[in-house]
Amino acid sequence: MRPRSQSQLGFINLGQSAAYFPLRLVDVMARVSFPLFSRLQREPRAFAQALERAVMVSAMGTLFFVGLVFGLGPNLIHVVYGEKWLPSLPLLYVYAGALSIGFLHPVVSPALDALGKPGLNLRLMIGWTVAIVVLVTLMTPRWGALGFAVGYCIPVVVGNAVVLLILKRLVPEARLWPRVRALILGGVSTTAFGRFALSGIATAPFSFALSVLASAVLFFLVVGLFDRSAIAELLSLVRRRPKTANA
């Protein structure tokens, strides 16, 4: 099931660890959301709003980062890791693309637990794991490291699509698409801006850092243009955290 060479394994590890960086934010959201979901399990509309908010905040960080990867991926590898790691770039794209929807399950999992559906999470994870083992075993010998990454990510994409269908049935009050569509536009804009305007200049640490900052400004401008409530809600969450900590 493993790639045959140590270099391929190194490329896989780098591609996955770099692409999955936003999951740190997602994990934080999942941990802080579970007590709230548990309190609201008998209030369907409030529960749905809390879930929408958790998905929106997680999607904001994730989709910005994914847009950054697709726009400035070669620069990211070159500046942060070095030229010898450039062969990991296709793997980084595969993992980041899968994460565009793959962030969803870690956010939704606490909500399913709060609804008394831990067995559903378990069945999802078992099916997910079996599918990964089968696909990786079949695809790695033929396509090497890229086959490993694609075989790993197909169940991630399909599994999270299933999670969306489950949410539609269990939490019909939740309206996730209106909460993420502006974020998707922001991510696409970040990709285009990086690829066509910034990739030629973000070749050193300082210029790369400025390019990331410029990409973040563009992302939030686009999101604010199409959904001001997302920015307002994010700011309200940031202002609210210190009060929670002192409570």
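Described below are features of the structure shown in this document. As the structure is a computational prediction, the values presented were derived from the model and not from experiment. (Residues numbered from 1 in each chain as written. Predicted model: local features only at pLDDT ≥ 70, side-chain atom pairs only at ≥ 80, totals over all residues. Heavy atoms only, no water.)

1. Some details on the packing of aromatic side chains
Counted only if it meets this: By convention, a stacked pair of Phe, Tyr or Trp rings (six-membered ring in the case of Trp) has centres within 6.5 Å and planes under 30 degrees apart, an edge-to-face pair has planes over 60 apart, and any other such pair is tilted. Strands here are runs of E lasting at least two residues and helices are runs of H or I lasting at least four, both read from the DSSP assignment and numbered beginning at the N terminus. Classification of residues uses two cut-offs on accessible area relative to the type maximum, computed with a 1.4 Å probe and protein chains only: under 20% is buried, over 50% is exposed, and between them is partly exposed.
Across all of its chains, the model carries eight aromatic pairs by this definition. Between the aromatic rings of F21 and F65, the centroid separation amounts to 5.8 Å while the plane-to-plane angle is 40 degrees, which identifies the pairing as tilted. With F21 in the loop between α1 (6-19) and α2 (23-39) and F65 in helix α3 (residues 44-81), this pair connects stretches of sequence that are 44 residues apart. Relative accessible area serves as the criterion here: at 43%, F21 is assigned to the partly exposed category. Among the aromatic residues, those joined into a cluster by ring pairs are Y20, Y95 and Y152.

2. Considering α3
As a reminder, the rule being used: In this scheme, a helix's expected span is set at 1.5 Å multiplied by one less than its residue total. The term bend refers to the angle at a residue between two fitted axes, each drawn through seven residues, those ending there and those starting there.
Helix length check: α3, at 38 residues, gives a terminal C-alpha distance of 46 Å against a target of 56 Å (1.5 Å per residue), a shortfall beyond 12%. Along α3, the sharpest change in direction is near 85 degrees and occurs at L72; proline P74 comes one to four residues later. Where α3 terminates, the next one or two residues include G82, which has phi positive at roughly 110 degrees.

3. Here's the deal with the nonpolar core
Formally: Grouping buried Ala, Val, Leu, Ile, Met, Phe, Trp, Tyr and Cys residues that are joined through side-chain atoms within 4.5 Å yields what is termed a nonpolar core.
Of all hydrophobic cores here, the largest spans 69 residues; its most connected members are F37, L51, V55, L92, Y95 and L183. Here this core gets 18 residues from one element, more than from any other, and that element is α3.

4. Concerning the packing of α3 against helix α8 (residues 205-226)
Applied cut-off: Note on geometry: axes are lines fitted to C-alpha atoms, helical ones only across the stretch in contact, with angles between N-to-C directions running from 0 to 180 degrees. What sets the label is the angle itself: under 35 degrees gives roughly parallel, over 145 gives roughly antiparallel, 65 to 115 gives roughly perpendicular, and the rest give oblique. Handedness of each helix crossing follows the sense of rotation of the near helix against the far helix: counterclockwise by less than a right angle gives left-handed, clockwise gives right-handed. For this analysis, residues touch if any pair of their heavy atoms sits within 4.5 Å. In this classification, Asp, Glu, Lys and Arg are treated as charged, Ala, Val, Leu, Ile, Met, Phe, Trp, Tyr, Cys and Pro as nonpolar, and every other residue, Gly included, as polar.
The N-to-C vectors of α3 and α8 enclose an angle of 160 degrees; their axes lie 11 Å apart at closest approach. As summarised for this structure, α3 and α8 are arranged roughly antiparallel, according to the angle between their axes. Once α3 is placed against α8, the crossing between them reads as right-handed. Between α3 and α8, the residues in contact are M60, L63, F64, L68, L72, N75, L76, V79 and V80 and P205, F208, S211, V212, S215, A216, F219 and F220, respectively. Taken together, the residues of the contact of α3 with α8 break down into 14 nonpolar, three polar and no charged.

5. Considering the side chain of D227
To be explicit about the condition: Positive charges are assigned to Lys and Arg, negative charges to Asp and Glu, while His and the chain termini are left out of the count. Criterion for a salt bridge: a side-chain nitrogen of Lys or Arg within 4 Å of a carboxyl oxygen of Asp or Glu. Whenever a nitrogen or oxygen atom comes within 3.5 Å of another N or O atom, the pair is scored as a polar contact, on the condition that within protein one atom can donate a hydrogen and the other can accept it, and that pairs from neighbouring residues in sequence are kept only if both atoms are in side chains.
Following the sequence through the fold, D227 ends up in the loop between α8 and α9 (228-246). Buried D227, no salt bridge; nearest opposite-charge side chain is R179, N-O distance 5.0 Å. Here the side chain of D227 touches S229 through a polar contact of 2.4 Å, side chain to side chain. Those residues within four positions of D227 in sequence are excluded, and the remaining contacts are P178 and A182.

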